[in-house]
Amino acid sequence: SWQLGNGEVNLPNPLVIAGRQMYDPRLLGSGGGGAVFALRPESSEGEVAVKVSWLRSTSSVESECRILRVLEENRVPGVEMCLAEERYPSDKR
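Residues numbered from 1 in each chain as written. Predicted model: local features only at pLDDT ≥ 70, side-chain atom pairs only at ≥ 80, totals over all residues. Heavy atoms only, no water.

Helices and strands together make up the secondary structure of the chain, namely 1 helix and 6 strands. Counting helices and strands in the order they occur from the N terminus, the chain gives β-β-β-β-β-β-α. The C-alpha atoms of the chain give a radius of gyration of 13 Å, which matches the 12 Å a tight globule of 93 residues would have. For the chain, buried positions account for 28% of its 93 residues. Split by element, the accessible area of the chain, about 6,200 Å² in all, is 50% carbon and sulfur. Computed over 11 positive and 13 negative side-chain charges, the separation of the two mean positions in the chain equals 4 Å. (Helix = DSSP H or I, 4+ residues; strand = E, 2+ residues; numbered from the N terminus. Rg over C-alpha atoms; globule rule 2.2 N^0.38 Å. Buried < 20%, exposed > 50% of the residue type's maximum accessible area, 1.4 Å probe, protein only. Areas by Shrake-Rupley, 256 points an atom, 1.4 Å probe, with all protein chains shown as cover. Lys, Arg positive; Asp, Glu negative; His and termini not counted. Charge placed at Lys NZ, Arg CZ, Asp CG, Glu CD.)

Laid out in structure tokens, this is it:
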């Protein structure tokens, strides 16, 4: 668990999102809307970023994911992909 200035984040290891297992979460940064972690996917080399947003930031993160998917569909280079969206159940604020 990570105690951040804007709240606490608990991630299991492995973290399972959309049926994908990811390991070894490493905090990349945090702010008013939540925190971003790097994780190692089970089936590939490299890392993926997982954004954990607080409940009050959910709609803006969902909108960001929709926009990223449109950019991907239009084959815009150099843009990260949104692989999945899942609710973070541990935000009790």
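Formed by 13 residues in total, the largest nonpolar core has its most connected members in V9, L11, L15, F37, L39, V50 and V52. For this core, the secondary-structure elements that each account for two or more residues are β3 (15-17), β5 (34-41) and β6 (48-53). Among the elements that make up this core, the one with the highest residue count is β5 (3 residues). Setting aside residues no more than four positions away along its own chain, L39 makes contact with L15, M22, Y23, D24, P25, G46, E47, V48 and V50. (Core = buried A, V, L, I, M, F, W, Y, C linked by side-chain atoms within 4.5 Å. Contact = heavy atoms within 4.5 Å.)

So, on to the state of the cysteines. Applying the stated criterion across every chain, the model contains 1 disulfide. Put simply, C65 and C82 are joined by a disulfide, and their sulfur atoms are 1.7 Å apart. Here C65 and C82 share a disulfide; its torsion about the S-S bond, -90°, makes the bridge left-handed. Of this pair, C65 sits in helix α1 (residues 58-73) while C82 sits in the segment after α1, and the two are 17 residues apart along the sequence. Among the residues examined, C65 registers a relative accessible area of 4% and is labelled buried. Take C82: its relative accessible area is 14%, and that puts it in the buried class. (Disulfide = S-S within 2.5 Å.)

Right, let's get into the environment of S30. Relative to the elements of secondary structure, S30 occurs in strand β4 (residues 20-31). S30 sits in the partly exposed class, given a relative accessible area of 44%.

Volume-wise, the largest pocket comes out at about 920 Å³. Together, 34 residues line the largest pocket, and I17, V50, K51, A84 and E85 are the ones closest to its centre. When its residues are assigned to classes, the lining of the largest pocket shows 22 nonpolar, 4 polar and 8 charged. (1 Å grid on protein atoms, 1.4 Å probe; cavity = no way out; pocket = protein on both sides within 12 Å on 5 of 7 lines; lining within 4 Å. Points joined across faces, edges and corners; volume = space filled by probe spheres on them. Nonpolar A, V, L, I, M, F, W, Y, C, P; charged D, E, K, R; others polar.)

By secondary structure assignment, the location of V36 is in strand β5. With a relative accessible area of 25%, V36 lands in the partly exposed category. C-alpha of V36 to C-alpha of V61: the two residues are 25 residues apart in sequence and 12 Å apart in space.

That is the geometry; function is a separate question.
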